[in-house]
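# Structural overview for review
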Amino acid sequence: MFKPGSFTIIYCYVTPCLDNLLGLAEMFSADAEQRPPLSIGYRLAVLCGLAAWYVLAGKFGLTMAAFHPSATPVWPPTGISLAAVLLLGYWVWPAVFVGALAVNLTTAGSLVSSIGIATGNTLESLLAGFLVNRFAGGREVFTRQRDTLKFVVLAGVLSTAVSATLGVTTLAFTEYLDWKAYGVTWMTWWLGDAVGALIITPVIVLWVSHPTVAWTRERLVEVGALLTLLCLVALVVFQSGQAMTAPNYPLAFLTFSILIWVAVRLGPRETATAILLCVAIAIWSTLQGTGPFVRGSLNETLLLLQAFTAVVAVTALALSVGVAERRRAEEELDQLNHTLERRILERTSALQGAVEQLQELDRLKSAFVTIVSHELRTPLASMKGLVENLLDELAGPLTDKQQHYLSRVKFNADRLARMLNELLNLSRIEAGKMELAPTILSLQDLFVQLIEEFQPLAQQKSIAMDMTCMDSIPSIHADRDKLYEVAANLLENAIKYTPSGGRVHIEAQVLDHHYITVGVSDTGCGIPEEHVSKIFDKFYRVQARPTGTGGAGLGLAIAKGLIELHGGTIAVESAPGKGSRFYFTLPYNHATDRPSFGSRTDSEQPTIA
């Protein structure tokens, strides 16, 4: 019977827990601020409807209570109330409490026991909703497999233990349950609530969150065929007689295979629906005394059935969510690939347009330089001729001052003529109009002539010039004038940028019996590292070089173009304060001493030490 102090004890224990949980729930609720405010009439209608559904589902579940009138292995209200909390919010708790109170008041026990049980059911829903919202994604819990497994633990295992513990303890304290039956009753209560949460909640949440059915005709046929097959298999399994359900014939797993098929082919929503349909057929058949889980008592039979359906439901639902998640990831990856390809095409097109524009500008610039150079050569030649006539005193004798000024004019006219020639040569090289006149050429004879020509310039700065013996270097087939221009440019630069008392060295060697490399090194100021990669660009000049050594910045660009016309390469090694070494390679045929002019691939380039 009811003890006088029991109500006070239960009230004092339950009320603080309920208040604290509600406060935490409202604090961590993500939907509370996002959801538009609801009118009082709408809220009352929702609460009344939810309470009515709770009472109907509770009465249905208690019809299968065999061990105790208030403890049933089938308790759908847990799934309904948890779905309501996830979809609507924590404000629906009064409907859960009133529904649970009404079910228990009209079943067994007293007002106090009914209040204790209703409090446990309400705490169960609020705690499960809070945990799922906080740690498992809320109403999107069935979007990711990890969150779905968290839902199983948080809502199916932990929160349901609160209701079972509080409800069974209340029955024991109010003497409506023998303490000796506490364990069995608790297990029955907990398993019924857990299965209710695992079976009912996913169906409601998934259909409410995704109500649109966009099935094609083929998909509709597939869904119908799979559900029909599932119903037929479930009827065969759970309506079979004793001969078919012997321990050696585990027919229950036939339904498991169909559910796996549904999980892989369809989606979480359809899978949850198929699970609910299978469980409904299984419970209906088991209550009629057929199926593989029928035992001596109804409670034991339903416990075995619910344990089996819980395992099947968790496996199939988790699998379907995992497959859907992977399918979404593949679709997102495919969409990302399409977006990336589109952007690459757009960027490539824009880059191609920019390259074509730059090429056109470069072509126009080269054409302009060519035209200007040609137009300037004629008046420049006339000016040089007139200055030379004046210097030869054909117009009369000159004073020393006039001689000096005219000499300066001739010097700058010659310098301008060289620059124009360089511009024209570079334009012809870039346009592919530079023609070679190859002959058999001795490198030693070429550099001996160059040293004789530049010796006076070197002596003015006290620079020593020497050359390694090139008797063993074979003759090559090259354009003598073009190669002379390249070597003269390198030698002139070496003398120009080497301080007084320095040294310029010329050397050549054969590489791999296919290439000859020629190097010109000096002990000059060197080239900073950041300028080395650009030293062969057109019009590029190193600003930090000594004063009085400036040029147009075309000599090395022309040298590079001429060497490449011969099928060779040119490069530089330099360090500030340690001098520089410019070297170029030329191909030659060992048998005929004739190179094969033209470009070559990177794999054919010689290795230079």
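An account of the accompanying structure is given in this report. (Residues numbered from 1 in each chain as written. Predicted model: local features only at pLDDT ≥ 70, side-chain atom pairs only at ≥ 80, totals over all residues. Heavy atoms only, no water.)

## Quick notes on the pattern of salt bridges
Using the criterion set out here, one finds twelve salt bridges in the structure. Between Glu 330 and Arg 326 there is a salt bridge, with its nearest N and O atoms 3.4 Å apart. Taken together, the residues span about one helical turn, with Glu 330 and Arg 326 both in helix H11 (residues 298-391) at a distance of four residues. Using a relative accessible area of 44% as the deciding quantity, one classes Glu 330 as partly exposed. One salt bridge connects Arg 581 with Glu 507, and the closest N-O pair in it is separated by 3.0 Å. Highlighted residues: Arg 581 in strand E7 (residues 579-587) and Glu 507 in strand E4 (residues 503-511), separated in sequence by 74 residues. Of the two residues, Arg 581 and Glu 507, neither departs from the other in class, the shared state being buried. Three or more residues joined by partner-sharing salt bridges are found here, namely Arg 219, Glu 222 and Arg 265. (Salt bridge = Lys/Arg side-chain N within 4 Å of Asp/Glu carboxyl O. Helix = DSSP H or I, 4+ residues; strand = E, 2+ residues; numbered from the N terminus. Buried < 20%, exposed > 50% of the residue type's maximum accessible area, 1.4 Å probe, protein only.)

## Comments concerning a nonpolar patch on the surface
Judged by side-chain polarity, Val 153, Val 157 and Leu 158 come together as a nonpolar surface patch covering roughly 230 Å² of accessible area. Locating Val 153 in the fold gives a position in helix H6 (residues 145-173). (Patch = residues over 30% accessible without salt bridge, like charges linked within 9 Å, V, L, I, M, F, W, Y side chains within 5 Å. Areas by Shrake-Rupley, 256 points an atom, 1.4 Å probe, with all protein chains shown as cover.)

## Description of the sheet that holds strand E5 (residues 515-522)
The mixed open sheet is built from five strands, whose spatial order is E2-E4-E5-E7-E6. Across the chains shown, the open sheet's two edge strands, defined by having one partner strand only, are strand E2 (464-467) and strand E6 (569-575). Neighbour to neighbour, the strand axes of the sheet diverge by 15 degrees on average, direction disregarded. Sheet analysis places E2 next to E4, joined by four bridges and oriented parallel. Note that in E4 the partner of Ala 464 across the bridge is Arg 503. Together, E2, E4 and E5 form the strand contacts of helix H13 (residues 443-460), whose direction differs from that of E2 by roughly 175 degrees. Contacts from helix H14 (residues 480-496) reach E2, E4, E5 and E7 within the one sheet, and its direction differs from that of E7 by about 170 degrees. (Pairing = 2+ DSSP bridges. Axes fitted to C-alpha atoms, helices over the stretch in contact; angles between N-to-C directions. Contact = heavy atoms within 4.5 Å.)

## Focus: the pairing of E6
The pairing of E6 with E7 spans seven bridges and is classified as antiparallel. Looking at the pairing, Ser 574 lines up with Ser 580 of E7.

## Regarding the packing of aromatic side chains
Applying the stated criterion to the full structure yields six aromatic pairs. Between the aromatic rings of Tyr 54 and Trp 75, the centroid separation amounts to 6.3 Å while the plane-to-plane angle is 80 degrees, which identifies the pairing as edge-to-face. Pair noted here: Tyr 54 is in helix H2 (residues 40-62) and Trp 75 is in the loop between H2 and helix H3 (77-88), with a separation of 21 residues, a long-range link. Here Tyr 54 and Trp 75 have matching classes, each one buried. A ring pair is formed by Phe 173 and Trp 179, whose centres lie 5.6 Å apart and whose planes are at 90 degrees; its orientation type is edge-to-face. Overall, Trp 179 belongs to the partly exposed group, its relative accessible area being 47%. Put simply, the rings of Phe 173, Trp 179 and Tyr 182 pair up and form one aromatic cluster. Residue placement shows Arg 134 over the ring face of Phe 135; its charged tip is 5.4 Å from the ring centre. Over the face of the ring belonging to Trp 207 we find Arg 269, whose NZ or CZ atom lies 4.4 Å from the ring centre. (Phe/Tyr/Trp six-rings, centres within 6.5 Å; stacked < 30°, edge-to-face > 60°. Lys NZ or Arg CZ within 6 Å of the ring centre and 35° of its normal.)

## Looking at a negative patch on the surface
A cluster of like negative charges, contributed by Glu 331, Glu 332, Asp 334 and Glu 341, occupies part of the molecular surface. Tracing the backbone through its elements, the reader meets Glu 331 in helix H11. (Lys, Arg positive; Asp, Glu negative; His and termini not counted. Charge placed at Lys NZ, Arg CZ, Asp CG, Glu CD.)

## As for the side chain of Ser 114
Topologically, Ser 114 is positioned in helix H5 (residues 111-135). Judged by its relative accessible area of 0%, Ser 114 is buried. Sequence-distant contacts of Ser 114, that is, excluding residues within four places in its chain, are made with Leu 101, Asn 104, Leu 105 and Ala 108.

## Topic: H6
Helix length check: H6 (29 residues) gives 41 Å between terminal C-alpha atoms against 42 Å at 1.5 Å per residue, within 8%. At Thr 160, H6 shows its maximal kink, close to 30 degrees. (Expected span 1.5 Å × (residues − 1). Bend = angle between axes of the 7 residues up to and from the residue.)

## Focus: the nonpolar core
Counting 87 residues, the largest nonpolar core has Phe 142, Phe 151, Phe 238 and Ile 275 as the members making the most contacts within it. At twelve residues, helix H7 (residues 182-209) tops the list of elements feeding residues into this core. Setting aside chain neighbours within four positions, we find Phe 142 in contact with Thr 148, Phe 151, Thr 201, Pro 202, Val 205, Leu 206, Pro 268, Leu 317 and Val 321. With 47 residues, the next largest nonpolar core counts Met 465, Leu 556, Phe 582 and Phe 584 among its residues. (Core = buried A, V, L, I, M, F, W, Y, C linked by side-chain atoms within 4.5 Å.)

## So, the packing of H5 against H6
Look at H5 against H6: their axes get within 8 Å of each other, and the N-to-C directions meet at 165 degrees. Regarding the angle of H5 to H6, the classification is roughly antiparallel. The handedness of the crossing between H5 and H6 comes out as right-handed. Across the contact of H5 with H6, the residue classes break down as 14 nonpolar, ten polar and three charged. (Parallel < 35°, antiparallel > 145°, perpendicular 65-115°, else oblique. Left-handed = near helix turned anticlockwise from the far one by under 90°. Nonpolar A, V, L, I, M, F, W, Y, C, P; charged D, E, K, R; others polar.)

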